[in-house]
Structure formats: C-alpha cells, structure tokens
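Architecture and fold: a report
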Protein chains: 2
Amino acid sequence: MSIRYPLETPCVLIDTEVMQRNIAAMAAVAAKHGIKLRPHAKTHKLPSVALRQVAAGAVGVTVAKVSEAEVMAAGGVRSIFIAYPLVTPGKIERAVRLSEQIELIVGVDSLAGAQLLEETAARLGATLQVRLEIDTGLRRTGVGFEAALGIAGEIARLPHLRLTGIYTFRGAVLSGKPTLDLEAAGFEEGTLMALLAKRLRAHGHAIVDVSVGSTPTAAYAAAVDGVTEIRPGTYVYQDRMQAKFGVCGLDDCAGSVLVTVVSRPAADLAILDGGSKTFATDVQPGTQPLQLVGFGHVVGLPDAVLARMNEEHGMLELGPEAQAVDLKVGDQLRIIPNHICSTVNLHNEVVMVQGDKFERVSVSARGMLE
Amino acid sequence: MSIRYPLETPCVLIDTEVMQRNIAAMAAVAAKHGIKLRPHAKTHKLPSVALRQVAAGAVGVTVAKVSEAEVMAAGGVRSIFIAYPLVTPGKIERAVRLSEQIELIVGVDSLAGAQLLEETAARLGATLQVRLEIDTGLRRTGVGFEAALGIAGEIARLPHLRLTGIYTFRGAVLSGKPTLDLEAAGFEEGTLMALLAKRLRAHGHAIVDVSVGSTPTAAYAAAVDGVTEIRPGTYVYQDRMQAKFGVCGLDDCAGSVLVTVVSRPAADLAILDGGSKTFATDVQPGTQPLQLVGFGHVVGLPDAVLARMNEEHGMLELGPEAQAVDLKVGDQLRIIPNHICSTVNLHNEVVMVQGDKFERVSVSARGMLE
C-alpha cells in the first residue's frame, strides 16, 4: 500500500488513458453497427471530456438540464439533446435561444408538455426539434406504447415543434424487472423501440432517430435493426456498479476517489476522510440486482469494506488480508465508487491523471440543476 | 396547491424568518445553562449565516475541513474549531497559518495524529490549540474512555500542542444504540464527557472545554453539570429527520426544496424535476430509528410520497388526498428533505426568502472537502 499521490484528499482521480480507452471502445460499438453515439454528459459534466467523445466519433451529447446544455455549448459542443421535459417558459426560452446557435433537440413526454413548448416557441417565432420519450418500464417520465401514437399525432399538429425521433431510458431491466441478463434486456429495449418507430412511420411520422441504451445495455441494443442512436453515460469513467454488471473490469474504471486514513481506532477498522459528502449514496449496498458490498471497491484491499459513512467519515472494516497490511494514519487509499456519476457530482473539481502528471479540472456543469 | 415562486427549479429555499427563530432558540438554550454555543457550519456552509449565529450569541463555529475553516475565516468568523483529525502536512500547515489570524482549535484523536500536528507546528514555530476527540459509541474517530488518559498524557508532552478540551459526536444514541429518547441520550452523553473531564483534570490536564451535543441531544446535554459547549448544526434550518425526532415541528423547517411537476404519467404518479442530485440519499427511508417514509415531506400533500429517485427524476406517489388536488405539469411543490445538510451540499446556491423577496446566495463552502 505504498501509493502516495501529491494531492490533498479526498479527491476524484480520473485516469485519462483508461478514459480514452473507454471512449474509443464505445465509439467502436456505434461504428460497428453504423449508428450514432450521443453520450450522456451526466457522468463527467465536463465540456473537455465531451469534446474527446466527439473527436472519437460521437455526434454530440445528451444532457438532462438546459443549464447543462448551456455549459456544454459554451464549451464547444455543437449538437445537444436535452433528454428531459422542459415545462417552464423560462427554461424553454433558454432552449430556443440555444437552438439558434447549435443543433438542439428537446425531449417531450406529454401533450401538456408539448403545448408548453409550442407556446414559447411560437412567441419567439422559432421551431423546436423534439423527440417523444417512451416509458419502457421505469415508470418515471415517458408515455406508454399505446398512448404514443395519439400524442405523436397531437404533436404533429403543433406548428412550432418538429417531431424527429423517439427515445427511452431503461437501464438493466428485462420484462419490467431488474436483471443481470444485459443481452436480453438490450435486445428487448431495442426491439420495442424499433417496432414503435415502424408503427409511427406507418402513420406518417418522419421518425429519424430511435435513441436507446445506457451503459449496461448499449452494446446489445445497438445491434437491433432499426435502432439509430445509443446514449450511454457511465462508460466514460465506468464504476463498480458497471463492473458488477460485467460491462467492464475494475481495471476499466477510470474514476476513483483518493482518500486518507485519518484514524485507526481498532485493528479491524480504519477511518477515511471521505463520507457521504464524498461518495454518493444513491446506489446502496445490498440491493437488487447487484448486491454490492459496501460503498466502493478498495483498490488493493479486496477484503476491506466501506461499510458505513457519516458526512465526512468513511468507516472501513478490514478483513484478515487488509489487517495484514498495517495501514497507518496518513496512508492513502484509492476507492472505486459504486456510482461514479453521482459521486463526481459531489466534487467541485476532479484531478486528471496522466502518468505522473496531475491536472485539477473544475467540474463546470456540476450542480447545474435548472 | 397554488404556490408559484418566481424561480426556476429545483432549488433550495431558506425561509430567513424561520431560520432566525431557530438561531435564537438554540442561543437561548446555551444562555440558559451559561455555556458556549459553537454551531457546526456543515449545514449551511455559509459565512453569512455563521455571522448571524455569532450575532445571536455563538462563540464561533465548528467545521470538519481546513478548507471550510478558510472560507469561514475569510467571511469574518473569528473563532473556529476544526472537529476532525488533520493528518497531512499540507492541511496542518494551512491550519497553523489560519491560527495566526483567528482563534483556531483542531481536533486530535490519536497519538499518531498528535505527532503529525506536532511536527508541522514545530517546523513553523507555532503552537496549536487542540481538543481530544472521544468515541462515545459511534465507532468512527475518537479514542475510548480508557485510552483517553494515556493519550492526553502523551499530548501534554508535545511542546507545540496545547490540549484545552475534549469533544465527542454522538447523535441520538443511548447505551450504544439508536434511540428516540433524546433526553436520556443527551444526559448520558453529557455525563460521560463531564466525568472524563474531571478525571483528566485530576491528572493535571487543564481541560477548559467539554464540548458535546448535536441537534437532537444538545438541549439535554447542555443541562448536564460540567458540559461547557454544545455544537449542534442542523437546528439552523431543521429538517424532516429532526421533526421526526420531535426536536422541532415541520413548521420550524427553514429549508425546503422547490420542485416542478414535469410529467403526470398516471393518476397516482407525478414526476418531479429533482432526484438524487437534488435530494440527498444518505438518510434512507425505512431505516432505524426514524422509519421515514420516502425522501421528504411534501408540504400540503401529506399522503404524497417521494418514493423513488433517479439522478434527475423524483417519483411522487399520490395517495387519495393528493390525487384529489389535480396536480398539473408545471405546478410547483415544496418538499422538506429528510436531511438538509447533505441536501444543501448538492446545491451551488440557495435562495434566501424573506416575505416576497428572494436572494440567490452562493453556498461558498459547498464541496470544500480538503
């Protein structure tokens, strides 16, 4: 355990070589199937990383918020999909303004939402490109299959909206339940959406984009005939959740959190200077389908478990192997978090690591919640 | 449900009148017992709020990080306790520099940690004021009762450290287990620490400060003879967790999250524009001892449950009463989060609300993890 980074902790490290490998690998998946890759920027929240993805072949990025889109556009990204319903005049107006500068596509998932988009677009004399969100089982935003045709018909009647695609977010879900069978899940997701696109086209809708797939399912959904675009996010850094899914190995995780041992109150316990304000808690240990043990994978100490956290304390329980290492106060450890997206979101900066070079980079779209 | 704030969402609202009432109430608790109040700034992370607490009688603030201490000092706070072990030369040097400008006290919880403080203080020709942290049952940082006397003796031999107090953090724990009996928990916490202080003084240690108490136990621990200081944090805004403890009513919660309904996919379901990047997930529903239902209390809709979240989606399940309200896409709701401290930590800004005046304030110590 002789790692010693010249950095104060806790901080997020991004191994840029591993990241670049991940970027290239997903670009190759899209290229192989001749479809578009539009990564979700929720993971990195950094225009500079988005531009690396574009340089590798991505058509642009996906975001959830208009404020994130503004950060990405200011950073040089020329095509952005806001995969989220905008329902207030202020945000819609910002989207219209942005659409005058770059290619912008906006999600819509209800007739009420479409009418709100229409009103503001009409007032500003603009036309907004929209995609209809389909609920494929998560029961959050999105319309059901049966309702899709009717709502598409209503949207088509709104003169300031141009419906060019459909999209869904689903994750590792098969027949409505969490699954570890990613191939079946991706195939089902892609097939459902391709069928719906066919049906909409049969009714005269010019559905160009059929956009699916998250990191666990993207490679399988991409193979389905009729799918035109995938939107994985986490793959850029990968994380412990994806490794447990089997999407990647732990060596493919470009993101980790560097922490310091601040106390050794017992032989089987080390206290770390990172807790729930450093490691996200949205992916809880011991839940379906992954049953992760603890809040992260401790690199080099497989039987150490980040079992509990308070806001600034991480309680690391040490098994026999970890106890044999004789961790000392001041020692550093690297931990691959369960969920890198929400973990990066807790940090004002990440440290880009290339060999022995370190660069602190402000996470410029962090906290862009509007 | 006719609230309509002229704000884009999601955002954190702070009702300044309620906050000021909370500040005054806790100051009165300390004054009544003739002891010091040193609020933990982890909740608000704002120098301007810290100065309100000082104006109401607080002696200064408590923080967990040297970077937070720097923000508070730059904002005008003149006495700061870093209640956390500093174990790296870089951070200790920053603490020494700060101690040349303001009254600074640093936590220590091990001989190894004390020696690290000593080395840097000696190198810089400074003396650091320290308090010894005692573990009263949380099994994180802190030394046990039996070890305290020995470590205090070792610290006393280090020429550049001055041991002036002891402190603990415990929360609502009684005899080692989570409890709702806050009076017994606070009494036990205060009594244990007062007894230890007596014992240390009997061995020649000039223990001035006996610092205890969090929001749930502060009022009871403050009443124990021998306690000299309380360090509650959450009370400044209060939250749903504290209301469930019975520490306050829901009307005393100064902090809430304003969200917008973005989709109404079913009669019993509304989708909100705030998920796990808006509401903290460190206090999970359905856990001991509080058994909170969902991730927050929806103001005005008691049978609506924020049952699930993704990163940017909150799934609000509506009971019969909430269904009767006929929520529409675009409607705003106010939600009191389970845990306000970690929720504020997700936001770059909060909105201070006074009557119909709104002021956006940058949460300047947010993400100060070093």
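Just so we're clear, the structure is a prediction, and the values are computed from it rather than from any experiment.

Attention now moves to the overall build of chain A. Along the backbone of chain A there are eleven helices and 19 strands. Computed over the C-alpha atoms, the radius of gyration of chain A is 22 Å, within 12% of the 21 Å expected from 2.2 N^0.38 for a compact globule of 370 residues. The buried share of chain A, reckoned over its 370 residues, is 62%. Contacts in chain A between residues far apart in sequence, at least 24 positions, make up 67% of those at least 6 positions apart.

This part takes up the pattern of salt bridges. By the definition in use, this model includes 44 salt bridges over all chains. Salt-bridge contacts for B:Glu154 lead to B:Arg157; the nearest nitrogen and oxygen are separated by 3.7 Å. Given the relative accessible area of 32%, B:Glu154 is considered partly exposed. Taking the relative accessible area as the measure of exposure, B:Arg157 reaches 61% and is therefore exposed. Several salt bridges share partner residues, and in doing so they unite A:Lys36, A:Arg38, A:Glu103, A:Arg131, A:Asp209 and A:Glu229 into one network.

A few words on the pairing of strand β10 (residues 209-212) of chain B. Residues and elements named next belong to chain B. Of the two faces of β10, the one carrying Asp-209 and Ser-211 and the one carrying Val-210 and Val-212 are both buried. As defined by bridge partners, strand β7 (residues 161-167) adjoins β10 across three bridges and the pair is classed as parallel. From the neighbouring strand, Gly-165 faces β10, where its bridge partner is Asp-209. Across two bridges, β10 lies against strand β11 (residues 229-230) in parallel orientation. Bridge pairing in β11 links Val-212 to Ile-230.

In this assembly, 62 residues from chain A lie in contact with 62 residues from chain B. Taking both sides of the interface into account, the surface hidden between chain A and chain B amounts to around 4900 Å²; carbon and sulfur atoms contribute 48%. Joining chain A to chain B, the criterion identifies ten salt bridges. Among the ionic pairs, A:Glu370 bridges to B:Arg360, the shortest N-O distance being 3.2 Å. Across the contact surface, chain A and chain B share 39 residue pairs in polar contact (both at pLDDT 80 or more). For the side of chain A that touches chain B, the elements supplying multiple residues, two or more each, are β4 (79-85), α4 (89-99), α5 (111-123), β12 (255-266), β13 (269-272) and α11 (340-344) of chain A. Broken down by element, the residue count for the side of chain A that touches chain B peaks at six residues, all from β12(A). Here the side of chain A that touches chain B is built from residues that sort into 21 nonpolar, 22 polar and 19 charged.

Pairing between sheet strands relies on hydrogen bonds along the backbone, with the strands arranged either parallel or antiparallel. All names here are of chain B. Taken in spatial order, the eight strands of this open sheet run β2-β11-β10-β7-β6-β5-β4-β3, and their pairing is parallel. The strands lining the two open edges of the sheet, one partner per strand, are β2 (36-37) and β3 (61-63). In the packing of helix α5 (residues 111-123) onto the sheet, contacts are made with β5 (103-108), β6 (128-133) and β7, and the angle to β5 comes to roughly 145°.

Enumeration over the complete set of coordinates arrives at four aromatic pairs over all chains. Plain terms: the ring middles of B:Phe81 and B:Tyr167 are 4.8 Å apart, the flat faces sit at 85° to each other, and that makes the pair edge-to-face. Pair noted here: B:Phe81 is in strand β4 (residues 79-85) and B:Tyr167 is in strand β7, with a separation of 86 residues, a long-range link. Like B:Tyr167, B:Phe81 is buried. The side chain of A:Arg131 reaches across the aromatic face of A:Phe81, ending 4.4 Å from its centre.

Of note, the bond from A:Gln288 into A:Pro289 is cis; its omega dihedral lies within 30 degrees of zero at -10°. Mapping A:Pro289 onto the fold places it in the loop between β13 and β14 (296-298). In this model, B:Thr9 is joined to B:Pro10 through a cis peptide bond whose omega is 0°. Tracing the backbone shows B:Pro10 in the segment before β1 (11-15).

All names here are of chain A. Among the structural elements, Thr-164 can be located in strand β7 (residues 161-167). When its relative accessible area of 7% is taken as the criterion, Thr-164 is described as buried. Within polar-contact distance, the side chain of Thr-164 engages the side chain of Gln-129 at 2.9 Å. In this structure Thr-164 touches Gln-129, Val-130, Ala-206, Ile-207, Val-208 and Asp-209, once residues within four positions along its chain are discounted.

What follows covers helix α7 (residues 182-202) of chain A. Given 3.6 residues per helical turn, the α-helix brings residues three or four places apart onto the same face. Residues and elements named next belong to chain A. Compared with an ideal rise of 1.5 Å per residue, which puts 21 residues at 30 Å, α7 spans 30 Å between its outermost C-alpha atoms and is within 8% of the ideal. When we look at burial in α7, the residues that qualify are Leu-182, Ala-185, Gly-186, Glu-189, Gly-190, Met-193, Ala-194, Leu-196, Ala-197 and Leu-200. Looking straight down α7, one finds its buried side chains confined to an arc of 160°; they lie on one side. Among the exposed residues of α7, those pointing more than 90 degrees away from its buried face are Glu-183, Phe-187, Leu-195, Lys-198 and Ala-202. Each element contacted by the buried residues of α7 is listed here: α6 (145-156), β7, β8 (173-174), β10 (209-212), α8 (218-221) and α9 (240-245). Just downstream of α7 lies Gly-204, where phi reads positive at about 95°.

Residues and elements named next belong to chain A. Mapped onto the elements, Met-309 comes out in strand β15 (residues 304-309). Sequence separation of Met-309 and Glu-189 is 120 residues, and the distance between their C-alpha atoms is 36 Å. Setting aside its immediate chain neighbours within four residues, Met-309 contacts Gly-275, Ser-276, Phe-279, Ala-280, Thr-281, Phe-295, Gly-314 and Met-315.

With that out of the way, let us pick up the domain arrangement of chain A. Residues and elements named next belong to chain A. Here chain A is described as being made up of domain 1 (17-236) and domain 2 (247-362). Distance from the C-alpha centre of domain 1 to the C-alpha centre of domain 2: 32 Å. Across the domain 1 to domain 2 interface the summed buried area is about 1200 Å²; carbon plus sulfur atoms make up 68%. Viewed at the interface, domain 2 and domain 1 are joined by one salt bridge. The salt bridge involving Arg-21 is made with Asp-252; its shortest N-O contact spans 2.8 Å. If you look at where domain 1 meets domain 2, you find three residue pairs in polar contact (both at pLDDT 80 or more). If you tally residues by element for the side of domain 1 that touches domain 2, the top one is helix α1 (residues 16-33), at five residues.

Looking now at the sheet that holds strand β11 (residues 229-230) of chain A. All names here are of chain A. Pairing in this open sheet of eight strands is parallel, and the strands run β2-β11-β10-β7-β6-β5-β4-β3 from one edge to the other. Bordering the open sheet on either side are β2 (36-37) and β3 (61-63), each of which pairs with just one other strand. Pairing of strand β5 (residues 103-108) with strand β6 (residues 128-133), which is carried by four bridges, proceeds in the parallel orientation. From the neighbouring strand, Gly-107 faces β6, where its bridge partner is Arg-131. Sitting on the sheet, α4 touches β5 and β6, and the angle it makes with β5 is about 150°.

Rules of the game
- Residues numbered from 1 in each chain as written.
- Chains lettered and ligands numbered in written order.
- Predicted model: local features only at pLDDT ≥ 70, side-chain atom pairs only at ≥ 80, totals over all residues.
- Heavy atoms only, no water.
- Helix = DSSP H or I, 4+ residues; strand = E, 2+ residues; numbered from the N terminus.
- Rg over C-alpha atoms; globule rule 2.2 N^0.38 Å.
- Buried < 20%, exposed > 50% of the residue type's maximum accessible area, 1.4 Å probe, protein only.
- Contact = heavy atoms within 4.5 Å.
- Salt bridge = Lys/Arg side-chain N within 4 Å of Asp/Glu carboxyl O.
- Pairing = 2+ DSSP bridges.
- Buried area = accessible area lost by both parts, 1.4 Å probe.
- Polar contact = N/O pair within 3.5 Å; in protein donor to acceptor, adjacent residues only side chain to side chain.
- Nonpolar A, V, L, I, M, F, W, Y, C, P; charged D, E, K, R; others polar.
- Axes fitted to C-alpha atoms, helices over the stretch in contact; angles between N-to-C directions.
- Phe/Tyr/Trp six-rings, centres within 6.5 Å; stacked < 30°, edge-to-face > 60°.
- Lys NZ or Arg CZ within 6 Å of the ring centre and 35° of its normal.
- Expected span 1.5 Å × (residues − 1).
- Arc of directions from axis to C-beta.
- Domains from an automatic or database assignment.

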